[in-house]
Amino acid sequence: MPRSDSNEGTGPADADYALDWLNEPERLLDRARAEPDALEAYFHGLDAAHAFTATSLVDTEALHLAVATLRTRQLIASTGFDFPDIARHIDWDAAEVVQVQAEVRVEPFGSRPMGLPSLIYVHGREAMTWDLPDVIANALTDKSEDRALVIATPATPERPLRRACMAFAMTGLETRVTEATLKAGSIRDGALAARVSYATAREAMSSALAKVGARRLPGLLHSLSLLAFGIFQTGEEAPAILVDRWGLKPRQAQIAMLLAQGLTRAETARAMEISEATVKKQADILFQILGVSGAAEMVRLISVATVMQALTSASHGRISWIDGSSEPLRFVHAAGGRRIAISEYGSPKGRAVVILHSSMTTRHPPRQLVAQLLSEDYRVITIDRPGFGLTDPSGAEIGTVDRDIFADAAHDMALVLDKLRIDRTDIIGRGGAQAAVAFAGVYPDRCGKVVLVNPDPISSRDERRWGVLGSFKEAYQRRPGLILPAARLIARAMTRDYLGKVLLKSMRGSPPDESLLADDDVVDDYYRAVRMFATGRLEGYVSEQLYFARGNTFEYPVDGSGWSILIGGHDTLSDPANALAYWRDLLPQGEFEILPDHGRLFAYADPALIVSRLRS
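Residues numbered from 1 in each chain as written. Predicted model: local features only at pLDDT ≥ 70, side-chain atom pairs only at ≥ 80, totals over all residues. Heavy atoms only, no water.

Caption draft 1: How the structure looks around the overall build of the chain. The secondary structure content of the chain amounts to 28 helices and 15 strands. Sorting the 616 residues of the chain into buried and exposed places 58% on the buried side. Across the chain, the fraction of contacts at a sequence separation of at least 24, relative to all contacts at a separation of at least 6, is 74%. Accessible surface, the chain as shown: approximately 24,700 Å² in total, 49% of it carbon and sulfur. (Helix = DSSP H or I, 4+ residues; strand = E, 2+ residues; numbered from the N terminus. Buried < 20%, exposed > 50% of the residue type's maximum accessible area, 1.4 Å probe, protein only. Contact = heavy atoms within 4.5 Å. Areas by Shrake-Rupley, 256 points an atom, 1.4 Å probe, with all protein chains shown as cover.)

Structure representation (C-alpha cells):
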C-alpha cells in the first residue's frame, strides 16, 4: 500500500504524545530513571485525557469500495465482489455534499429496500488517511479534492460468511443452511432456500449453535455475520448505533442487542430487571421500527449497522483492512466457553510445527517463514495465547502474581493439538520462549524439536535500553502500574505508518534490521501481527509485560536438550550476551548460536536458516 512520509498517518490527535516518544526516546528513558512516580502519573493522565477508541478491522471482501470522480460522475477504481454495478446506486448529490463539507456521511437506514447495499461517502482527503487497498489508495492520490470514497455494505457478504463458518469447523450442510437462514430470516425459509427439509435444517442449525457456542439462532447469526465482515467489536458501541440510526430509546436499544445476542425474552427481562411482558411489548415495537419480522432479521440489520458505524467513526487511520482469504482462522473451544484462535497452513499430512508469537505481536507469522516451512512439507499452526488477538483471556485477573500465564498457554496449545489430532509438534519461538519452556515442561512427550529465535530475558537480567522500546522496557520495570495505560496509548497510535516509524527508530544501530525495513512487505508483515492490539485486546500483552517487569519466573524440568537457540548479534531490545547468559542458565543442554549478521527481526530475515536448524 502507498505510504506517506508525513505525520498525517498517525493523525493530529496522536502527535502530541506518540511522536514525542518517537523523536525523543532518551527523554522518556531519563524520566523513567529519575522520576518513575511522576512518569506513572503522566501515563495515567494521558490515558484519561485520550479516551481509547478501538480500531475497526474490516474484511476487504465483505465490502465494495469504489473511488468516484465527482466532476464526471464516474467510478474510476473499485474492489469487491458483491455489487459490481454499484454506480447505479450512488446518490451523486450526497457525494458532492460530502466533498464540500469534508465529512463522512452514511445513507439513512431504511432508505433502501432490504437486500440493496447501504452506502457511505467519504471525502477524498479524509479517505487518504485510511489504510486502504492499493487500487483504491492509488486512485485517490492524484486529485483528492475531486474524488470521494464510496463504501457499499451488503446485507450478507457471501464468501467471508463461508469463511466465518469454516472458522468454527462447520460442515458444508451447516454452512449452506446457516447462510440461507441469515439471508431468509428464519430456519423454515432458510430450509426452502437451501433445498433441504425443515427437520434437516433444524438439525444442521443445532449443530452450528454448538460449534459457535451460541444458545439460540439470533446469537449464532450475530456472531457469524460480524465475523464475516471482519468487525471485532467490544459490544459497548452497539446500543449507541441503534439510538443514533433508528432513534430508539436507550432501553429499547439494550433490549434489541440482548435479543440479537441470543437471549430469550425471559433472560432479557432478568438481565434488565424488568418484566417479561415489557420485553415482549418493546420487542414488538422494535420490529415495527426496524421494519423486520423477527429477531433473525433484526440481527442482520444490526450487524450491517455495526459495520456502518465502525466506518463512519473511522478517521486518521483508525480503520484497517484485512484480507480474510489469505488469513486462515479457526476457533477451538476451551472449558468455560473460552475461544482459542488459531491459523493453520499446509497439508494435514505434514510434520506439525507451532510458531509462537512474541509478547508484542499476535499469531500472524512472517509469511516468508511460513512459505519456507511449507516448501519443506511442514504443517504450520499458529495460536493466539490467552488474551492476545482473538483468543479469550484465561479468566485469571490481570497481574495475579502467582499465576503462571505461560502454563495457561501450554494447556491451550495441548487442547489445540488434541482438536487437530496431533500427538507431537515441533516449535519455533519468534519470541514466546517462555511458552515453549512451559509446554515442554508440562507436556514433555508432545514436544519435539524446538528453535528459539531471539528469546528475551526478564528485564532485571538485561541492561539494554535502546530507543523507544528500551525506554518502555525501563518504565515497565520501574513502575508496572503504568503498563496498562501505556498499552492503551500505544494501541491508540498504532497505525501502519506509525509502526513503520517505530520500527525504524527502534532498529537504528542494527545494520541488518535497517536494511530489512527498506522492504515494505516486511513492515506490512509485522503490522499484520500487531494490529489486533488496536481493537482493544490488550490482556495478553499486559500480563506478559508484567511478567518481564516483575521477573517472577516459574521453573520447569526442561534442560534444552536438542533445542537450538538463535540470537541475533545486533538485537536492539536485548543485549545478546545477557540473553545468552540468561537462557544458558535455564537451558544448559541447548545449542546456542550468536549470529553476527542478524538482528531483532531475525525471523523475517532468514527463514531458511531457522528451518535448517529445525531439521538438524
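Structure's up, so let's keep going.
Caption draft 2: Summary view of the packing of helix 8 (residues 172-184) against helix 9 (residues 187-194). Axis separation between helix 8 and helix 9 bottoms out at 7 Å; the angle between their running directions is 120°. Judged by the inter-axis angle, helix 8 sits oblique to helix 9. Crossing handedness for the pair helix 8 and helix 9: right-handed. Contacts between helix 8 and helix 9 involve R176, V177, A180, T181 and A184 from the former and I187, D189, G190, A193 and A194 from the latter. (Axes fitted to C-alpha atoms, helices over the stretch in contact; angles between N-to-C directions. Parallel < 35°, antiparallel > 145°, perpendicular 65-115°, else oblique. Left-handed = near helix turned anticlockwise from the far one by under 90°.)

Caption draft 3: Summary view of the sheet that holds strand 8 (residues 330-333). Taken together, 8 strands build an open sheet; the order of strands is 8-9-11-10-12-13-14-15 and the sheet is mixed. This sheet does not close on itself; its edge strands, each paired only once, are strand 8 and strand 15 (591-599). The average angle at which neighbouring strand axes cross in this sheet is 25°, direction not considered. In terms of strand pairing, strand 10 (residues 351-356) meets strand 12 (residues 425-429) through 4 bridges, oriented parallel. Paired with L356 across the strands is G429, a residue of strand 12. Packing against the sheet, helix 17 (residues 367-375) makes contact with strand 9 (339-345), strand 10, strand 11 (378-383) and strand 12, and its axis sits at approximately 145° to strand 11. (Pairing = 2+ DSSP bridges.)

Caption draft 4: How the structure looks around the packing of helix 2 (residues 25-34) against helix 3 (residues 36-49). Interaxial distance between helix 2 and helix 3 falls to 5 Å at its minimum, and their mutual angle equals 120°. Judged by the inter-axis angle, helix 2 sits oblique to helix 3. Together, L28, R31, A32, R33 and A34 of helix 2 and P36, A38, L39, Y42 and F43 of helix 3 make up the contact between the two elements. For the contact of helix 2 with helix 3, the class distribution of residues is 8 nonpolar, no polar and 2 charged. (Nonpolar A, V, L, I, M, F, W, Y, C, P; charged D, E, K, R; others polar.)

Caption draft 5: Looking closely at the pattern of salt bridges. Considering all chains together, one arrives at 32 salt bridges under this definition. Between E593 and R613 there is a salt bridge, and its shortest N-O distance comes to 2.7 Å. Here E593, found in strand 15, pairs with R613, found in helix 28 (residues 607-615); they are 20 residues apart in sequence, far enough to count as distant. A network of salt bridges, in which partner residues are shared, links R33, R465, E474 and R478. (Salt bridge = Lys/Arg side-chain N within 4 Å of Asp/Glu carboxyl O.)

Caption draft 6: Looking closely at the nonpolar core. Residues L220, L224 and M298 are the most contacted members of the largest nonpolar core, which totals 52 residues. It is helix 13 (residues 250-260) that contributes the most residues to this core, 7 residues altogether. Ignoring any residue separated from it by four or fewer positions in sequence, one finds M298 in contact with A256, L259, A260, F287, L290 and V292. With 44 residues, the next largest nonpolar core counts Y476, V522, L538 and Y604 among its residues. (Core = buried A, V, L, I, M, F, W, Y, C linked by side-chain atoms within 4.5 Å.)

Caption draft 7: The arrangement of the side chain of D384 in detail. On the secondary structure map, D384 appears in the loop between strand 11 and helix 18 (405-419). With relative accessibility at 0%, the residue D384 sits in the buried group. A polar contact is formed between the side chain of D384 and the backbone nitrogen of R363, at a distance of 2.8 Å. Not counting residues up to four positions away in its chain, the partners in contact with D384 are I340, A341, H357, T362, R363, G389, L390 and T391. (Polar contact = N/O pair within 3.5 Å; in protein donor to acceptor, adjacent residues only side chain to side chain.)

Caption draft 8: Representation of the side chain of K501 in the model. With respect to the helices, strands and loops of the structure, K501 is situated in helix 22 (residues 496-506). Polar side-chain contacts of K501 include one of 2.9 Å to the side chain of D497.

Caption draft 9: A look at the pairing of strand 15. Here strand 14 (residues 564-570) pairs with strand 15 via 6 bridges, running parallel. Following the sheet pairing, S564 is matched in strand 15 by E591. Between strand 14 and its parallel partner strand 15, the chain crosses via helix 26 (residues 576-586), and the hand of that crossover is right-handed. (Right-handed = clockwise from strand over helix to strand, strands pointing away.)

Caption draft 10: Focus on the pairing of strand 3 (residues 74-79). Across 5 bridges, the pairing between strand 2 (residues 64-69) and strand 3 is antiparallel. Directly across from L65, in strand 3, lies its bridge partner T79. Linking strand 2 to strand 3, which pair antiparallel, is a turn of 4 residues; within it R73 sits at a positive phi near 55°.

Caption draft 11: View of helix 19 (residues 433-442). Helix 19 sits mainly inside the fold: 9 of its 10 residues count as buried. Every buried residue of helix 19 is listed here: A433, Q434, A435, A436, V437, A438, F439, A440 and G441. On its buried face, helix 19 sits against strand 10, helix 18, strand 12, strand 13 (447-453), helix 25 (539-550) and helix 26.

Caption draft 12: Here's a closer look at the packing of aromatic side chains. Under the defined criterion, the tally for this structure stands at 12 aromatic pairs. With 5.0 Å between their ring centres and 80° between their planes, F406 and Y547 make a pair best called edge-to-face. With F406 in helix 18 and Y547 in helix 25, this pair connects stretches of sequence that are 141 residues apart. Its relative accessible area of 3% is what places F406 among the buried residues. Judged by its relative accessible area of 10%, Y547 is buried. (Phe/Tyr/Trp six-rings, centres within 6.5 Å; stacked < 30°, edge-to-face > 60°.)

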